[in-house]
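# An overview of the molecular structure
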Amino acid sequence: MRQTRDWVDILYRQVLKWPYSSYNGDVKTSTSPKALGRPRSFDTGKALDRALDVFWRKGYEGASLSDLTKAMRINRPSLYAAFGDKEKLFRKVLNRYAEGPASFSYAALGEPTSRAVVERLLYGTADMLTSRQNPHGCLWVQGALACGNNTDSVRKELISRRMAGEAALRQRLIRAKLDGDLPSEANPASLARYIATIIQGMSIQAAGGATRSELRRVIDIALQSWPSPRNV
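Residues numbered from 1 in each chain as written. Predicted model: local features only at pLDDT ≥ 70, side-chain atom pairs only at ≥ 80, totals over all residues. Heavy atoms only, no water.

So, about the overall build of the protein. Helix and strand counts for the protein stand at 11 helices and zero strands. Order of helices (α) and strands (β) in the protein, N terminus to C terminus: α-α-α-α-α-α-α-α-α-α-α. Carbon and sulfur atoms make up 50% of the accessible area of the protein, which totals about 12,600 Å². (Helix = DSSP H or I, 4+ residues; strand = E, 2+ residues; numbered from the N terminus. Areas by Shrake-Rupley, 256 points an atom, 1.4 Å probe, with all protein chains shown as cover.)

This is the structure in structure tokens:
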């Protein structure tokens, strides 16, 4: 199991370009001389969690600075000093989202079989999308849909992260094929795109009010066609 965990760590560093760290409510802050001076009067971790909730509910463009500072319980100078501008704050929130609510996707890649990987990824997505503790929908999907031309860099960032997640799954399925866990004629790239499409569709459905049981029925149907050496 440790070997699998090490392999997944390497995969995330190579494909997603940023290291995964277990979500424990802490935030890595700058160690610049300026940051080492006067201590902040607020908890940066809690402020990021509140910003995450605002962006998740309203999208990047829909979240105003007034919305953010009110939710984070700080003023604008404190926001700029701690997190930079709105776009930089959003990027930090995306990392927070990946290490927190969406961290199951990292854990899923460590499952021993391709089917187990996909099951954990899909069912975990359905649970997150419909959790009462979270806004419905996926931040990475909904955020990109809500971005206009004047926020093109944010839209590209969201698309890039989704593509990186798909690439990580593709690499995991390539390994499964090499291990004999998938049939020789299986196409890891097409399978990864198939799963990514289901996830994006479930996100849109959840944002529109689809229930957990409804999403799980969709997953059950999708898994019926998952390839294995036994059914080819």
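A positive phi is found at R73, a non-glycine position, where the angle reads about 65°. Its location among the elements puts R73 in the loop between α3 (65-72) and α4 (76-83). On the basis of relative accessibility, which here comes to 64%, the residue R73 falls in the exposed class. (Buried < 20%, exposed > 50% of the residue type's maximum accessible area, 1.4 Å probe, protein only.)

A word on the packing of aromatic side chains. According to the stated counting rule, one finds five aromatic pairs in the structure shown. Aromatic side chains F42 and F83 sit 6.4 Å apart centroid to centroid with 45° between the ring planes, which places their arrangement in the tilted category. One end of the pair, F42, is in the loop between α1 (2-16) and α2 (44-62); the other, F83, is in helix α4, with 41 residues separating them in the sequence. The same class applies to F42 as to F83, namely buried. Between F55 and F90 the ring centres are 4.8 Å apart and the planes differ by 70°, which places this aromatic pair in the edge-to-face class. Taken together, the positions of F55 in helix α2 and F90 in helix α5 (residues 86-99) put the pair 35 residues apart, joining distant regions of the chain. Judged on exposure class, the residue F55 and its partner F90 are both buried. (Phe/Tyr/Trp six-rings, centres within 6.5 Å; stacked < 30°, edge-to-face > 60°.)

Glancing now at the packing of helix α9 (residues 152-178) against helix α10 (residues 188-207). For the pair α9 and α10, the least separation of the axes is 8 Å and the interaxial angle reads 135°. The angle between the axes of α9 and α10 places the two elements in the oblique class. In this structure, α9 crosses over α10, and the sense of that crossing is right-handed. Contact with α9, carried on its side by R162, E166, L169, R170, L173, I174 and K177, involves P188, A189, L191, A192, R193, I195, A196 and Q200 of α10 and no other residues of that element. For the contact of α9 with α10, the class distribution of residues is nine nonpolar, one polar and five charged. (Axes fitted to C-alpha atoms, helices over the stretch in contact; angles between N-to-C directions. Parallel < 35°, antiparallel > 145°, perpendicular 65-115°, else oblique. Left-handed = near helix turned anticlockwise from the far one by under 90°. Contact = heavy atoms within 4.5 Å. Nonpolar A, V, L, I, M, F, W, Y, C, P; charged D, E, K, R; others polar.)

A word on the confidence of the model for the protein. Detail in the predicted coordinates should be disregarded across regions flagged by low pLDDT. Predicted confidence across the protein gives a mean pLDDT of 83, with 78% of residues reaching 70 or more. This stretch, residues 17-37, has a pLDDT under 50; its non-local contacts, to residues over four places away or in other chains, come to 30 contacts. (pLDDT = per-residue confidence, 0-100.)

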